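Overview (structure and organization)
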Amino acid sequence: MQSNPYPNPIGALYDPRIIYVMPLYQREYCWENKELSNYRDDLEKVFASATSPSADPDSIFLGAVVLQEVEGASASQSRHMTVIDGQQRITTMYLTIAALSEYAYERGWKDDSKSIIERHLVSNGQGTRNEPVLMPTAKDTRQFYSILRGLRGHLITIPSSGYGEETGKLKEAYKYIYDSIVSELIEEMDSEPSKNTFDNFLDSFLNNFVIADITLSKPHNANEVFDRLNQRGQRLGVIDLIR
């Protein structure tokens, strides 16, 4: 098992040379207002700290993600990482970056919108260029593709159709994130949002939210690890995972 000695900022987690794959045993996206409201509170704390002249910016630790690399990628290809644990967080943060890109486009900052997508939402590896760096569970793909088609900053290569319901928790989460997190928090700090306020918000999100990246070595069985992480509702903590 490998783990980074220090938590990674979100901006490093979403890299155009890493594609996160949700395996078949992962459930569909399930975060609702309760979880998203707590997530909003954390983002608000980080943004307020980062824009305060009297204090060093705080970092919020979002927990750990447990990954396993899919072998076989060449040096010119993006690495595929199976997400064994942390699906809800990884998906929510991806949706937040998507919302930030669309917010920038709405206000005419089109170069910024394009840059956000190219740097954090799509692959630049051989054979997967401009494809999403997140592959959700199959039953979420119809909603996921619909969200990505709505992003106007840069053309994302996605299939023409997906699986699952046309509407549901994934699209509801994206709307909540865009309206009640990105738009509201920026406008609370600046009634007439400026480019500088947006840049501060984006920088805070990418650099002051941190997460531990734990990558399993090949001998570990991904299905077994997933079952043990979720058995009888008893979730293991970060210390348990690193032992």
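Section: the pairing of strand 7 (residues 209-216)
Counting buried positions over the eight residues of strand 7 gives eight, a clear majority of the element. Burial along strand 7 is two-sided: the face carrying Phe209, Ile211, Asp213 and Thr215 and the face carrying Val210, Ala212, Ile214 and Leu216 are both buried. As judged from the two bridges shared by strand 2 (residues 8-9) and strand 7, these two strands associate in the antiparallel manner. Within strand 7, the residue paired with asparagine 8 across the bridge is isoleucine 211. Judged from the seven bridges that link them, strand 4 (residues 60-70) and strand 7 form a sheet pairing that is parallel. Counted as the bridge partner of leucine 67 is threonine 215 from strand 7.

Description of the packing of helix 6 (residues 169-189) against helix 7 (residues 195-208)
Contact pair helix 6 / helix 7: the axes reach a minimum separation of 10 Å and the direction vectors enclose 125°. Between helix 6 and helix 7, the crossing angle belongs to the class labelled oblique. Here helix 6 runs over helix 7; the crossing is right-handed. Contacts from Ile181, Val182, Leu185, Ile186 and Met189 of helix 6 reach helix 7 at Thr197, Phe198 and Phe201.

Here's the deal with the packing of aromatic side chains
Centre-to-centre distance and the angle between the planes together describe a pair of aromatic rings. Scanning all chains against the criterion turns up 11 aromatic pairs. Measuring from ring centre to ring centre gives 5.9 Å for tyrosine 103 and phenylalanine 198, while their planes differ by 10°; the resulting arrangement is stacked. With tyrosine 103 in helix 3 (residues 87-106) and phenylalanine 198 in helix 7, this pair connects stretches of sequence that are 95 residues apart. Neither residue differs from the other here; tyrosine 103 and phenylalanine 198 are each classed as buried. Feature note: the residues Tyr14, Tyr20, Tyr94, Phe144 and Tyr145 constitute an aromatic cluster, connected by ring pairs. Sitting over the face of the ring of tyrosine 103, arginine 107 holds its NZ or CZ atom 3.6 Å from the ring centroid.

Conventions we followed
- Residues numbered from 1 in each chain as written.
- Predicted model: local features only at pLDDT ≥ 70, side-chain atom pairs only at ≥ 80, totals over all residues.
- Heavy atoms only, no water.
- Buried < 20%, exposed > 50% of the residue type's maximum accessible area, 1.4 Å probe, protein only.
- Helix = DSSP H or I, 4+ residues; strand = E, 2+ residues; numbered from the N terminus.
- Pairing = 2+ DSSP bridges.
- Axes fitted to C-alpha atoms, helices over the stretch in contact; angles between N-to-C directions.
- Parallel < 35°, antiparallel > 145°, perpendicular 65-115°, else oblique.
- Left-handed = near helix turned anticlockwise from the far one by under 90°.
- Contact = heavy atoms within 4.5 Å.
- Phe/Tyr/Trp six-rings, centres within 6.5 Å; stacked < 30°, edge-to-face > 60°.
- Lys NZ or Arg CZ within 6 Å of the ring centre and 35° of its normal.

Read these as geometric descriptors, not functional statements.
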